[in-house]
Amino acid sequence: MKKDKTRIVNIDLNKHSNLSITLNALKSERSQQTNSTNNEDQENALALIINLFNEKKFHELNKEALNFNKKYPNTLDGLNALALSFKHLRQFKKAIELFDKVIELFPDVDFVYANAGNLYFELGNHLKAKEFHEKALERNPDNAVSMNGIGLILSNAGNDSAAIDIYKKALKINKNDSNTQFNIATSYRKLEQFGKAAKHFKRTNDLKAVDNLLECLYLEAENPESETTIEDFFELLEKAKDSDRLWPSSAALSAHASVRYNKTDKYPFCKDPTKFLQKYNLFDEGLLSDKIVNTFLSDVFNSNLSQRGQSLLMNGEQTSGNLFLLETPSIQKVKKIVEDKIAVYRKNYINSEAGFINRWPLNYTVYGWVIVMNDNGSLSSHIHKEGWMSSSIYLKMPSNLESNQGDIKFSKHGANYPKEKDLDFSEEIVPLIKGDMVMFPSSYFHSTIPFRSKEQRIVLAIDIIPN
């Protein structure tokens, strides 16, 4: 089959998944594949659709794409654009139905499979995502979007070595692709190959690159065989503190480095996260009940969500994707409870001068996943690097636990950050019971204290992620 010439607009889909999505506008050589009449009016209408997609004006995009499809029915461009508009408007059933229709009409077009694969990845159904990306690559072995899609699925499952092999193939196609550079850097970072990760973070224009590069420089400076020094880290941190966009990871690094090197913590995100630690009990407030929790969990576990590989999690499992994208009534009900508590939390600190509060994002995504822990389960210390405010709702807690078993512990020290023996990083343990909701800045290291019980510990974890 003759390959079509394309003009491609690559758009960052959502920052937590590091994917780009492709809106392909094919030129007149494709006239034999479509029922549309290629003319100037159609080209102008398509150009408007592309501009609206670029500008993230998805309501207007939806309106124009609907009009386009009425005037030019069953065209590849129109149906694909309409599917993407529904996707970004969180009308996922309509998006899936449209992608299915496009694939039925144009079964040999690879980028439609890639777009559908990206959608299923975001919904947490990685088996389906992998199926569509593989079909895209069958039709076009050089489809870098689907290479990245496969790489992200592998990375999500904890197989970053295999993901890197895929990203290397994608870079052979386009060594300057920002998304691929960011994704391979992320996998190297997860494998603690910080020097290699830093090299690739420097080659991407992703908004998160500086934040991730800071971490790589901080940890690579500990490598005696590396040319990276701690001065490189502090030089970049000085620039990062004045950025328009604040990051919890940079805040955690700055706080940690200020203790290790006896320096003032200048990063303006949240210098004293203990002050912003809050706990509510949703059972006591009448917002949750055993019936609501059981229905919610049943719907979550029957939603074909893939499991996420998590090296920090012992004797447990966690779901992939953002479960709040699912349209199931019980899930949306819990999401509304979360949104209302976020508003209460923010109101409690409305007069704070901390950047975490006074630069609270105007637009954000509420992102949720479920973590199930079994006997002797634990979660090692970590932060939520792409969040802003994080939270945990304890849907089920084992009874009769000893001491602080199963509780959550906070500190400014955690993960694989270096720690000299004479340094004292204070810790705070928050005791937990069923129904507790703990809210805190995403920059605050936290972990789960191991517990012994035949009963499961089930948590709904939440981030608000700036758009």
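Attention here is on the structure that accompanies the text. (Residues numbered from 1 in each chain as written. Predicted model: local features only at pLDDT ≥ 70, side-chain atom pairs only at ≥ 80, totals over all residues. Heavy atoms only, no water.)

**Some remarks on the overall build of the protein**
From N to C terminus, the protein includes 16 helices and 11 strands. Compactness check: the protein gives a C-alpha radius of gyration of 23 Å against a globular reference of 23 Å for 467 residues, within 12% of the reference. Expressed as lengths along the three principal axes of its C-alpha atoms, the size of the protein is roughly 70 × 60 × 40 Å. Taken across its 467 residues, the protein has 56% of its residues classed as buried. The contacts of the protein with a sequence gap of at least 6 include a subset with a gap of at least 24, amounting to 70%. Summed over its atoms, the accessible surface of the protein is roughly 21,500 Å², and 47% of this surface lies on carbon and sulfur atoms. Averaged over its 60 positive side-chain charges, the protein has a centre that lies 2 Å from the centre of its 60 negative ones. (Helix = DSSP H or I, 4+ residues; strand = E, 2+ residues; numbered from the N terminus. Rg over C-alpha atoms; globule rule 2.2 N^0.38 Å. Buried < 20%, exposed > 50% of the residue type's maximum accessible area, 1.4 Å probe, protein only. Contact = heavy atoms within 4.5 Å. Areas by Shrake-Rupley, 256 points an atom, 1.4 Å probe, with all protein chains shown as cover. Lys, Arg positive; Asp, Glu negative; His and termini not counted. Charge placed at Lys NZ, Arg CZ, Asp CG, Glu CD.)

**Description of helix α13 (residues 248-260)**
An α-helical turn contains 3.6 residues, so a residue and the one three or four places further along point in the same direction. In a regular helix each residue adds 1.5 Å, so 13 residues correspond to 18 Å; α13 covers 18 Å between its end C-alpha atoms and thus fits that length. Among the residues making up α13, those that are buried are Pro248, Ser249, Ser250, Ala251, Ala252, Leu253, Ser254, Ala255, His256, Ala257, Ser258 and Arg260. (Expected span 1.5 Å × (residues − 1).)

**A few points about the packing of aromatic side chains**
The final tally for this structure, using the stated rule, is 21 aromatic pairs. Taken together, the ring pairs in this structure connect Phe269, Phe276, Tyr345, Tyr349, Phe356, Trp360, Tyr364 and Trp388 into an aromatic cluster. Over the ring of tryptophan 247 we find arginine 245, and its NZ or CZ is 3.6 Å from the ring centre. A cation over a ring is seen here: lysine 341 above tyrosine 280, with NZ or CZ 3.9 Å from the ring centre. (Phe/Tyr/Trp six-rings, centres within 6.5 Å; stacked < 30°, edge-to-face > 60°. Lys NZ or Arg CZ within 6 Å of the ring centre and 35° of its normal.)

**A look at the environment of lysine 419**
Looking at where lysine 419 falls in the secondary structure, it is placed in the loop between β7 (408-411) and β8 (427-430). Counting along the chain gives 162 residues from lysine 419 to alanine 257, while the straight-line C-alpha distance between them is 9.9 Å. Apart from the residues lying within four places of it in its own chain, the contact partners of lysine 419 are His413 and Phe425.

**Quick look at unusual backbone geometry**
Even without being glycine, asparagine 304 reaches a positive phi, approximately 60°. Residue placement: asparagine 304 occurs in the loop between α14 (290-301) and β4 (313-318). The class for asparagine 304 is exposed, based on a relative accessible area of 57%.

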